[in-house]
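# Tertiary structure, described
Spelled out, the chains give:
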Amino acid sequence: MKTKLEESKTCCCVDVGAVIDGEECTAQVEEMFAEQQQAEARLNALVDKARKAESDPCEISSEVTAVEGGFKLAASFTFCCQAESLIFQLGLNR
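Residues numbered from 1 in each chain as written. Predicted model: local features only at pLDDT ≥ 70, side-chain atom pairs only at ≥ 80, totals over all residues. Heavy atoms only, no water.

Each helix and strand in the chain was counted, giving three helices and three strands. Every one of the 94 residues in the chain was classed for burial, and the buried ones make up 27%. Contacts in the chain between residues far apart in sequence, at least 24 positions, make up 66% of those at least 6 positions apart. Carbon together with sulfur atoms contributes 49% to the accessible area of the chain, which is approximately 6,800 Å² in total. (Helix = DSSP H or I, 4+ residues; strand = E, 2+ residues; numbered from the N terminus. Buried < 20%, exposed > 50% of the residue type's maximum accessible area, 1.4 Å probe, protein only. Contact = heavy atoms within 4.5 Å. Areas by Shrake-Rupley, 256 points an atom, 1.4 Å probe, with all protein chains shown as cover.)

With that settled, consider the nonpolar core. The tendency in soluble globular proteins is for nonpolar side chains to be buried side by side. Among the nonpolar cores identified, the biggest contains 15 residues, and Val-29, Leu-46, Ala-50, Leu-73, Phe-77, Phe-79 and Phe-88 are the most heavily contacted of them. Of all the secondary structure elements, the ones that give two or more residues to this core are β1 (26–33), α2 (36–53) and β3 (70–78). Examining the composition of this core, we find that five residues originate from one element, α2, more than from any other. Every residue in contact with Val-29, bar those within four places of it in the chain, is listed here: Leu-46, Leu-73, Ala-74, Ala-75, Phe-77, Phe-88 and Leu-92. (Core = buried A, V, L, I, M, F, W, Y, C linked by side-chain atoms within 4.5 Å.)

Following this line, the structure appears as structure tokens:
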């Protein structure tokens, strides 16, 4: 069953069930760094954040690769539910 997003005319709100459908449990992170150590430090910080958000073990895959101009961190965090993924993503900017 597809849910149609319908905005309320009074408060610009949508039904939470239309936004959190339980299907998107994976958060992708891609960032660039000048040095490999910076990328690895960021990865460690992201893993710590994921561990704090998880209830069941989060599946983490990551790679730090040398690219022109620095190092690219690419990581994928798959949680057991979409709410945990959202909590993790909301905490990324802190």
